[in-house]
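Read off the chains here:
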Amino acid sequence: MIDISPDTTVLWSWGPVHLNLTIVFTWLVMMVIVLSAWMATRNLKFHPPLSRWQNIFEAVVTVIRNHIRDILGPHINRFLPFIGTLFFFISFSNLLIVLPEYRAPTGSLSTTLALSICVFIAVPAYSISEVGFRGYLKHFIEPSFLMLPMLLITEVTRTMTLAVRLFGNIMSESMIAAAILSVVPFLLPVATEAFGLLIGQIQAYIFVVLASVYIASASGMGEIRPGRDRAIRSDNLSSKGG
Amino acid sequence: MTIDFFTIIAQIFNFVVLIMLLRHFLYGPIVRTMDAREHHITTELDEAELKNAEARQEAAELKRERQELEDRRGEFLSQAQADAEKWRNDLLVQARDEVEERRAGWQDAIEREKTGFLANLKQRAGEQIYEIAQRVLGDLANLDLERHIIDSFIYRLETMDDSGLDTVAARLARWQKMKPEEIEATVLEREAVISTAFEIDAETKGRIAAAVTKRLGQNVGLRFEETPELICGIELKTQGYKAAWSLQNYLETLEENLSLAFMSREAEPGQGTEAEPAPGKETEPRA
């Protein structure tokens, strides 16, 4: 029987507290991310040539910032820690599948649900800070009061879909890889692993985009954002270009 | 597909911890660096644009100044050309004046030299002619030239048809009616001076006096004197009238001919020797 979730492998327990593979590999991922970040930022250079790690992280952070600017507007640094950490965590979790005996934490529904809960909490938190509590509540009855039940259900279901989508993709990829490995032990698993890497990055991007869109829609920023963002971007470009 | 609530809580906690760690180790430093670099680039772009604008302005200013310099250079060149032309003209005028002045000086010197040469030539020619004529006449007739000169003078005085001489004779006739004491008072007015270049004896003086008295009347007073400048001649002067026979006239004619010869040589350089006047003309004595 294939063990589909690392949650089931408990390494240590003490009452309700237990240490399973999901938490252990999460710590591993966290260590790798923090170590990489520390290596990139321990000797930051202002002028080129930049170190390899600084170059990679600056490129990724720049992409995330541009993504935030496109969807959430000009307050980039406000959303960057949350959105960026979501991306780095999911991305690194899925990248490390190349390690032997490694089980991606994102292949655990508990992990993806935890991330979805974080998004579920972050959406009203950012929305309230942006448009106030009444503004946040107001969007539930727009355009009509009749929309309230449906919107409440949407809030819950989209959180669930966020969790299940990520879990399903990663878990299924692991299942497929295990199945293929059992049938064709040579060559084909390599291609499957490479495909799994690509799927993992795509899922990280999808998760981040959906989380950004949820925050934007809850705070009403998504309705007016595109035009304003373009104006802001054009202003920035024009100010840079002189 | 199991859901472990402890794992969920633990993962939420882990995620929050990761956010804080990345905020400290990644986002803060890297965003500050990127923003600072972006700000630096923007500032540099602004400064570059500012410097570019300044450079354009300076270039325009330099272009304008260069144009002004070009214009001023043209003016200076025109002024310098005009000054040089004026200076050249002044120098030409000055040189021409100097040449003219030197030429005038040379001509004066030549004129003085020519005059001195002619005077000298006249003196020498007269002496030579006198000597030659005296020798020739002496050889031919065995007479002395002075006697022939005097004879010729007496002959001309007697035969000469001259209204001036008649006027003098008529004027002297007025004194025939005057008293002797009155005539005495006018002795200077009545005086006729016979000038000769040589000394003459008493007999000759008597012949001359007879001829003069015959021509001018009894009232004329005669006085003889020697004048070497006459050069072999004899001259009668009275009351503003003069009758003479001497080589002086010949020499004056010779002098005129020589002057003409000099002038023709000046006019035609290299051909002066062929412009000599024909001999034999104007050699007659004038009385």
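Thresholds applied
Residues numbered from 1 in each chain as written. Chains lettered and ligands numbered in written order. Predicted model: local features only at pLDDT ≥ 70, side-chain atom pairs only at ≥ 80, totals over all residues. Heavy atoms only, no water. Helix = DSSP H or I, 4+ residues; strand = E, 2+ residues; numbered from the N terminus. Areas by Shrake-Rupley, 256 points an atom, 1.4 Å probe, with all protein chains shown as cover. Contact = heavy atoms within 4.5 Å. Buried area = accessible area lost by both parts, 1.4 Å probe. Salt bridge = Lys/Arg side-chain N within 4 Å of Asp/Glu carboxyl O. Polar contact = N/O pair within 3.5 Å; in protein donor to acceptor, adjacent residues only side chain to side chain. Nonpolar A, V, L, I, M, F, W, Y, C, P; charged D, E, K, R; others polar. Phe/Tyr/Trp six-rings, centres within 6.5 Å; stacked < 30°, edge-to-face > 60°. Lys NZ or Arg CZ within 6 Å of the ring centre and 35° of its normal. pLDDT = per-residue confidence, 0-100. Patch = residues over 30% accessible without salt bridge, like charges linked within 9 Å, V, L, I, M, F, W, Y side chains within 5 Å. Lys, Arg positive; Asp, Glu negative; His and termini not counted. Charge placed at Lys NZ, Arg CZ, Asp CG, Glu CD. Buried < 20%, exposed > 50% of the residue type's maximum accessible area, 1.4 Å probe, protein only. Pairing = 2+ DSSP bridges. Axes fitted to C-alpha atoms, helices over the stretch in contact; angles between N-to-C directions. Arc of directions from axis to C-beta. Parallel < 35°, antiparallel > 145°, perpendicular 65-115°, else oblique. Left-handed = near helix turned anticlockwise from the far one by under 90°. Bend = angle between axes of the 7 residues up to and from the residue.

**Student:** So what's going on with the overall build of chain B? Residues and values would help.
**Tutor:** Across its full length, chain B carries seven helices and four strands. Along the chain direction, N to C, the helices and strands of chain B fall in the order α-α-α-α-α-β-α-β-β-β-α. Here chain B has roughly 19600 Å² of accessible surface; of this, 55% comes from carbon and sulfur atoms.

**Student:** Quick rundown of the interface of chain A and chain B? Include the residues and the values.
**Tutor:** Each side of the interface is counted separately: chain A has 49 residues, and chain B has 34 residues. Interface area for chain A against chain B, summed over the two sides, is near 3700 Å², with a carbon-plus-sulfur share of 75%. Joining chain A to chain B, the criterion identifies two salt bridges. Of the charged contacts in the structure, one is a salt bridge between Asp35 of chain B and Arg65 of chain A, with a shortest N-O distance of 3.1 Å. Taken together, the connections running from chain A to chain B amount to 13 residue pairs in polar contact (both at pLDDT 80 or more). Contributing elements (two or more residues each) for the side of chain A that touches chain B: β2 (17-20), α1 (21-41), α2 (52-72), α3 (76-95), α4 (109-138) and α7 (221-241) of chain A. At ten residues, α1 of chain A tops the list of elements feeding residues into the side of chain A that touches chain B. Considered class by class, the residues forming the side of chain A that touches chain B number 29 nonpolar, 15 polar and five charged.

**Student:** I'd like to hear about the packing of aromatic side chains, residue by residue, with values.
**Tutor:** The relation between two aromatic rings is expressed through the spacing of the ring centres and the mutual angle of the planes. Within this structure, the stated rule accounts for ten aromatic pairs over all chains. An aromatic cluster of three or more residues is present, and its members are Trp53, Phe57, Phe87, Phe88 and Phe92 of chain A together with Tyr27 of chain B. The ring of Trp38 of chain A has Arg42 of chain A lying over it, and the distance from NZ or CZ to the ring centre is 5.3 Å. Stacked on the ring of Tyr214 of chain A, the Lys or Arg Arg158 of chain A has its end atom at 4.4 Å from the ring centre.

**Student:** Pulling in residues and values, what's your account of the confidence of the model for chain A?
**Tutor:** In this model, chain A carries a mean pLDDT of 84, and residues with pLDDT of at least 70 account for 89%. Segment residues 224-242 of chain A: pLDDT under 50, and 20 contacts once partners within four positions in sequence are set aside and those in other chains are kept.

**Student:** Break down a negative patch on the surface for me, with residues and values.
**Tutor:** Residues and elements named next belong to chain B. Together, Glu199, Asp201, Glu203 and Glu226 line one region of the surface with negative charge. Residue placement: Glu199 occurs in the loop between β1 (191-196) and α6 (202-216). Glu199 sits in the exposed class, given a relative accessible area of 64%.

**Student:** Just give me the short version of the sheet that holds strand β4 (residues 241-245) of chain B, but keep the residues and values in it.
**Tutor:** All names here are of chain B. Spatial strand order, β2-β1-β3-β4: four strands in an open sheet with mixed pairing. On the outer flanks of this sheet lie β2 (221-226) and β4, each paired with one strand and no other. On average, each strand axis in the sheet is tilted by 15° relative to the strand beside it, whichever way the strands run. Pairing of β1 with strand β3 (residues 234-238), which is carried by four bridges, proceeds in the antiparallel orientation. Bridged to Thr196 within β3 is Ile234.

**Student:** If you had to explain the pairing of strand β1 (residues 10-14) of chain A to someone new, which residues and values would you point to?
**Tutor:** All names here are of chain A. Bridge count for β1 against β2 is four bridges, and the pairing is antiparallel. Looking at β2, one finds that Val10 is bridged to Asn20. Linkage of β1 to β2, two consecutive antiparallel strands, is achieved through a turn of two residues, within which Gly15 is found at a positive phi near 65°.

**Student:** Summarise helix α3 (residues 163-173) of chain B; cite the residues concerned and give the values.
**Tutor:** Of all the positions in α3 of chain B, only Leu165, Val168, Ala169 and Leu172 of chain B are classed as buried. Relative to the axis of α3 of chain B, the buried residues are bounded by an arc of 100° and lie together on one face.

**Student:** Pulling in residues and values, what's your account of the packing of α2 of chain A against α3 of chain A?
**Tutor:** The relative placement of two packed helices is expressed as an angle between their axes plus a distance between the axes. Residue and element names in this part refer to chain A. Two elements in contact, α2 and α3, have axes whose closest approach is 9 Å; the angle formed by their N-to-C orientations is 125°. One way to sum up the angle between α2 and α3 is to call them oblique. Helix-helix and strand crossings are classified by hand; for α2 and α3 the assignment is right-handed. Contact residues: Phe57, Val60, Val61, Ile64, Arg65, His67, Ile68, Arg69 and Leu72 in α2; Ile76, Asn77, Phe79, Leu80, Ile83, Gly84, Phe87, Phe88 and Phe92 in α3. Taken together, the residues that form the contact of α2 with α3 break down as 13 nonpolar, three polar and two charged.

**Student:** Describe in detail the environment of Phe87 of chain A, supporting the description with residues and values.
**Tutor:** Residues and elements named next belong to chain A. Within the fold, Phe87 resides in helix α3. For Phe87 and Gln203, which are 116 residues apart along the polypeptide, the C-alpha to C-alpha distance reads 9.3 Å. Residue contacts for Phe87: discarding those within four places in its chain leaves Val60, Ile64, Ala204, Tyr205 and Val208.

**Student:** Tell me about the pattern of salt bridges, and name the residues and values.
**Tutor:** All names here are of chain B. Applying the stated criterion across every chain yields a total of 15 salt bridges over all chains. Across the pair Arg64 and Glu68 runs a salt bridge whose closest N-O atoms are separated by 2.6 Å. Residue Arg64 and its partner Glu68 are located together in helix α1 (residues 5-141), separated by four residues, close to a single helical turn. The exposure class of Arg64 is partly exposed, given its relative accessible area of 39%. One connected set of salt bridges, linked through shared partners, spans Glu61, Arg64 and Glu68.

**Student:** Could you give an account of the confidence of the model for chain B, naming the residues involved and the relevant values?
**Tutor:** All names here are of chain B. Across chain B, pLDDT averages 79, with 75% of residues at or above 70. Summarising per-element confidence for chain B, the mean pLDDT is lowest in helix α4 (residues 180-185) (62) and highest in α1 (89). A low-confidence stretch, residues 270-287 stays under pLDDT 50, and its non-local contacts, those more than four residues away or across chains, total 19 contacts.

**Student:** Please give an account of a nonpolar patch on the surface that cites residues and values.
**Tutor:** Residue and element names in this part refer to chain A. A cluster of nonpolar side chains, contributed by Phe120, Ile121, Val156, Met160 and Val164, occupies part of the molecular surface with about 420 Å² of accessible area. Among the elements of the structure, α4 and α5 (148-183) are those that each provide at least two residues to the nonpolar patch. Counting residues per element, the nonpolar patch draws most heavily on α5, which supplies three residues. Judged by relative accessible area, Val164 falls into the partly exposed class, the value being 40%.

**Student:** Can you tell me about α3 of chain A, naming the residues and giving the values?
**Tutor:** Where α3 of chain A bends most, the angle comes to about 30°, and this point is Phe82 of chain A. With 17 of 20 residues buried, α3 of chain A is to be regarded as a mostly interior element.

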